[in-house]
Every structure is written in C-alpha cells, then in structure tokens.
Amino acid sequence: RGLKNIHYDKLYILDVWGYKGSYYLFENGTDVPRKDTLSLLNFIMSKKRYKQIVTLGTSKGGTAAIYYGLTIKASTIIAGACQYNLGNYLILPEHIEIFKGMMGEEAGTVEKDKLNSILPMLLERCSKETFFTTIHLVYSKYEHTYEDDIVDLLKKLKECHYSVIEKEYDFLNHNDVGIYFKKYINDFFATIS
C-alpha cells in the first residue's frame, strides 16, 4: 500500500520459506532462498536497463533490502527498524522456530554466529567495491531494534564509510515502523520524480 502512488517498476518478494519466513537467506540449513531470490532479481534486471534501483523494507524486509541492495549494487537502500545482529534476534525464544526453520532443527551457536556475521561481512566486502550506494535508515530510539541492532549497524556503516541518511522517529512499538516508513518513502520518491 505504501507504494501504490509510486509510478515506477516495482517488485514485491514474499518470503515463503521456512517457518514464517527465512529472511530470504536460508531454509533448513541450505541457502536455497538466497539463490532463488538472487536469481529472480537478476532475471528482472536483465529485462530492462534501470537508471536507479532502490531496495526497501522494514524489519525483516529492511534486513533483506540491505543484503540484496548491496548484492545487486542498488543505488539506494531504505531500511526501517531492521535486524542487523540476525543470529541474536532469531535465537530468542519467541523467534526460535524461525531460527530452526532457517538453520535446521539442531542449529545452535555456530549457526547463530553465522547469521550474525552475514551483514557485517557483506558491508565490509562491498565497501571495497567501486559502486556507490546510499543507505537510508528509518528507526526510533524508543523501540528494541535501536539498541539491539541499529547502534551496531550504524557503527559498521560509518566504519566502512557508507553514505548514510538517518531518519529518527519517536515510535515505541516495533510494528509501528510501517506508519513512519510509508511517509518516508513517499517523501523520498517525491524528491526523485
């Protein structure tokens, strides 16, 4: 709904893998979701020469926006209240079924550490390449992802010299990020129209 008035080509990708999703990365310890998602993105991009590619999303979708935005060399990434320390987040009791669905029933510390390393390693690697991506982060200091994830993400982005635009709002509930994100992306697309 947030993009209904945006008149550019749009691709929505539903995370159908695992137990309530896979962050588009792993299912039962294999990287089939990552391969399938990348294959789809490359297929779409092969059909047309795009001047700009923007990846965006909130929470899990924000994590995916960063991961795939960097992987496909998007010009802009817009992520709202995303998870950066993915293993720490998914190993929590309320997310453990998603963790096991992604990494396997016997997954533990090794798999948690693997998930935690995904974005830091990607950010480091891509910072040495010659493409330019601006990363917009939409967040609130008053909800859990700020201390759990955004602080570390901002530190790594600055350490790797990314161009970062921060937009801080004052929401308390993680689920409210969508309200503010919708306004932010509409304002963003209005500036490039």
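Cut-off values and rules
- Residues numbered from 1 in each chain as written.
- Predicted model: local features only at pLDDT ≥ 70, side-chain atom pairs only at ≥ 80, totals over all residues.
- Heavy atoms only, no water.
- Helix = DSSP H or I, 4+ residues; strand = E, 2+ residues; numbered from the N terminus.
- Salt bridge = Lys/Arg side-chain N within 4 Å of Asp/Glu carboxyl O.
- Buried < 20%, exposed > 50% of the residue type's maximum accessible area, 1.4 Å probe, protein only.
- Pairing = 2+ DSSP bridges.
- Axes fitted to C-alpha atoms, helices over the stretch in contact; angles between N-to-C directions.
- Contact = heavy atoms within 4.5 Å.
- Right-handed = clockwise from strand over helix to strand, strands pointing away.

Caption draft 1: Fine view of the environment of Lys-100. Structurally, Lys-100 can be placed in helix 4 (residues 96-103). Separated by 82 residues in the primary sequence, Lys-100 and Gly-18 place their C-alpha atoms 8.3 Å from one another.

Caption draft 2: Molecular detail of the pattern of salt bridges. A full pass over the atoms with the stated rule returns 11 salt bridges. For Lys-183, the salt bridge goes to Asp-187, with nearest N and O atoms at 2.7 Å. Here the residue Lys-183 and the residue Asp-187 both occupy positions in helix 7 (residues 177-192), the gap between them amounting to 4 residues, near one helical turn. Exposure remark for Asp-187: the relative accessible area of 40% places this residue in the partly exposed category. Through salt bridges that share partners, Asp-31, Arg-34 and Lys-35 make up one connected network.

Caption draft 3: Expanded view of the sheet that holds strand 2 (residues 76-80). Across the sheet, 4 strands lie side by side as 1-2-3-4; this open sheet has parallel pairing. Taken across any chain shown, the strands that pair with only one partner, and hence form the sheet edges, are strand 1 (54-58) and strand 4 (163-169). Averaged over all adjacent pairs, the angle separating strand axes in this sheet is 10°, with direction ignored. Inspection of the sheet shows strand 2 paired to strand 3 (residues 134-140) by 5 bridges, in the parallel sense. In the sheet register, Thr-76 faces strand 3, and the bridge partner there is Thr-134. Against the sheet, helix 2 (residues 60-71) contacts strand 1, strand 2 and strand 3, and its axis sits at roughly 160° relative to strand 1. Strands strand 3 and strand 4 of the sheet are contacted by helix 6 (residues 144-159), whose axis makes an angle of about 155° with strand 3.

Caption draft 4: View of the pairing of strand 3. Among the 7 residues in strand 3, 7 count as buried, and that is most of the element. In strand 3, alternate side chains face the same way, and those of Thr-134, His-136, Val-138 and Ser-140 on one face and Ile-135, Leu-137 and Tyr-139 on the other are all buried. The pairing of strand 3 with strand 4 spans 7 bridges and is parallel. For Tyr-139, the partnering residue across the bridge sits in strand 4 and is Glu-168. Between strand 3 and its parallel partner strand 4, the chain crosses via helix 6, and the hand of that crossover is right-handed.

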